[in-house]
Amino acid sequence: GRDKCRGVCLGGEGQQLDDPVCTNTKRCTAARCPNFPVCGDEAPQWVFDCNGGRCINCNMVLGPLTFLEASSADDPCPVCLEAAPLRVQMTCAGRHNVCVA
């Protein structure tokens, strides 16, 4: 299935191409970057395989991100001061996090 194809049969816009390499009996679909809440990128799996498991932009700019649920609605983002349910853990020495928005 998809493990052999790795999305090679998908075009740039995620459309299915007629590709003899694809052995998937179902329609192949684009995979989401693990940093999807920030980058919004979907691509064929082979793109992630070539970029440390992330999309090209995240591999070059963001690296791996750790997502957290906000501790409470009373805990605003230190940047925008809004309450947001999803946060990104910063890689600095402290336990800082900022909202995804």
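Here goes a summary of the coordinates provided. (Residues numbered from 1 in each chain as written. Predicted model: local features only at pLDDT ≥ 70, side-chain atom pairs only at ≥ 80, totals over all residues. Heavy atoms only, no water.)

Further remarks concern a nonpolar patch on the surface. Taken together, the side chains of V38, I56, M60, V61 and L62 make up a nonpolar region of the molecular surface, amounting to roughly 490 Å² of accessible area. Here the element with the most residues in the nonpolar patch is helix α4 (residues 56-62); it accounts for four residues. Relative to the helices and strands, I56 resides in helix α4. Note on I56: relative accessible area 44%, which makes it partly exposed. (Patch = residues over 30% accessible without salt bridge, like charges linked within 9 Å, V, L, I, M, F, W, Y side chains within 5 Å. Areas by Shrake-Rupley, 256 points an atom, 1.4 Å probe, with all protein chains shown as cover. Salt bridge = Lys/Arg side-chain N within 4 Å of Asp/Glu carboxyl O. Helix = DSSP H or I, 4+ residues; strand = E, 2+ residues; numbered from the N terminus. Buried < 20%, exposed > 50% of the residue type's maximum accessible area, 1.4 Å probe, protein only.)

Pairing of strand β3 (residues 66-69) with strand β4 (residues 86-89), which is carried by four bridges, proceeds in the antiparallel orientation. If you follow T66 over to β4, its bridge partner there is Q89. (Pairing = 2+ DSSP bridges.)

Attention shifts here to the side chain of R54. One can find R54 in the loop between α3 (45-49) and α4. Within polar-contact distance, the side chain of R54 engages the side chain of N59 at 3.2 Å. Each residue touching R54, except ones within four places of it in the same chain, is listed here: C33, P34, N35, V47, F48, N59, G63 and P64. (Polar contact = N/O pair within 3.5 Å; in protein donor to acceptor, adjacent residues only side chain to side chain. Contact = heavy atoms within 4.5 Å.)

Under the defined criterion, the tally for this structure stands at one salt bridge. Where E42 meets R32, a salt bridge forms, and the shortest distance between an N and an O atom there is 3.1 Å. Remark: R32 occurs in strand β1 (residues 31-32) and E42 occurs in strand β2 (residues 42-43); sequence separation between them is 10 residues. Judged by its relative accessible area of 41%, E42 is partly exposed. The exposure class assigned to R32 is exposed, which follows from its relative accessible area of 53%.

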